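# Close look at the chain arrangement
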Amino acid sequence: MERTGARGLIVLSAVLSAVGFLWQSSISTDSGYLDGLLGPAIVMSAGMGLLITPITTTVTSGIREQDAGAASGLMNTTRQLGGVVGLSALVTLATADGGPDLSYRAVFVATAAVCAGVAVMALALPAPQEDRDESVAMRR
């Protein structure tokens, strides 16, 4: 995060996760373990693992010290509820008519789309303070 800032790492990790989920969506009965499961799992896990710290930092930065506990609690509650609601939506999508291959493929593509959406939304985050300071100095 020191090199890219929270915004850059959120974008990178969300895109990495999306790539992993898209790769997973291409699994078929002819896929092997390495290219069908392990490869996508490593890419998805790396992306999601890299995503946690910058999102936590972004959510809790700029919060007054006395409000840090409440902000952190709200973030964790939101993450838990988001997982429940998201899993419910994905299970509904997976059990939709169209056969198991199409349904699971749709789940992985939908998850990749959510990750891509996170990457796009992260672009709206404010630039790191150093970048803003340089921008102000350049306008003078």
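Scroll up to find the structure.
Reference entry: report on the structure contained in this document. What you are looking at is a predicted structure, and each value in this text was computed from that prediction instead of being measured.

### A short note on the pattern of salt bridges
Within the structure shown, the criterion is met by 1 salt bridge. Asp67 is the partner of Arg64 in a salt bridge, and the nearest nitrogen-oxygen pair spans 2.8 Å. Using a relative accessible area of 53% as the deciding quantity, one classes Arg64 as exposed.

### Thoughts on the layout of surface pockets
Taken as a whole, the largest pocket spans an internal volume of roughly 910 Å³. Lining the largest pocket are 22 residues, with Met48, Arg79, Gly82, Gly83 and Val114 positioned closest to its centre. Mapped onto the lining of the largest pocket, the elements with two or more residues apiece are α2 (33-60), α3 (68-94) and α4 (99-122). Broken down by element, the residue count for the lining of the largest pocket peaks at 11 residues, all from α3. Of the residues contributing to the lining of the largest pocket, the split by class is 16 nonpolar, 5 polar and 1 charged.

### Notes on the side chain of Ser25
Along the polypeptide, Ser25 turns up in helix α1 (residues 5-25). Residue Ser25 is classed as buried on the basis of its relative accessible area of 8%. A distance of 2.5 Å separates a polar side-chain atom of Ser25 from the backbone oxygen of Leu22.

### Here's the deal with the nonpolar core
Membership of the largest hydrophobic core is limited to 5 residues, which are Ala18, Phe21, Met44, Ala112 and Cys115. What Ala112 contacts, discounting residues up to four positions off in sequence, is Ala18, Phe21 and Leu22.

### Side note on the side chain of Ser13
Checked against the element boundaries, Ser13 lands in helix α1. Not counting the four nearest positions on each side in its chain, Ser13 is found in contact with Gly47, Leu50 and Leu51.

### With respect to the packing of α1 against α2
At a closest axis distance of 7 Å, the pairing of α1 and α2 adopts a crossing angle of 155 degrees. Considering the angle they form, α1 stands roughly antiparallel to α2. α2 is crossed by α1, and the crossing has left-handed handedness.

Parameters at a glance
- Residues numbered from 1 in each chain as written.
- Predicted model: local features only at pLDDT ≥ 70, side-chain atom pairs only at ≥ 80, totals over all residues.
- Heavy atoms only, no water.
- Salt bridge = Lys/Arg side-chain N within 4 Å of Asp/Glu carboxyl O.
- Buried < 20%, exposed > 50% of the residue type's maximum accessible area, 1.4 Å probe, protein only.
- 1 Å grid on protein atoms, 1.4 Å probe; cavity = no way out; pocket = protein on both sides within 12 Å on 5 of 7 lines; lining within 4 Å.
- Points joined across faces, edges and corners; volume = space filled by probe spheres on them.
- Helix = DSSP H or I, 4+ residues; strand = E, 2+ residues; numbered from the N terminus.
- Nonpolar A, V, L, I, M, F, W, Y, C, P; charged D, E, K, R; others polar.
- Polar contact = N/O pair within 3.5 Å; in protein donor to acceptor, adjacent residues only side chain to side chain.
- Core = buried A, V, L, I, M, F, W, Y, C linked by side-chain atoms within 4.5 Å.
- Contact = heavy atoms within 4.5 Å.
- Axes fitted to C-alpha atoms, helices over the stretch in contact; angles between N-to-C directions.
- Parallel < 35°, antiparallel > 145°, perpendicular 65-115°, else oblique.
- Left-handed = near helix turned anticlockwise from the far one by under 90°.

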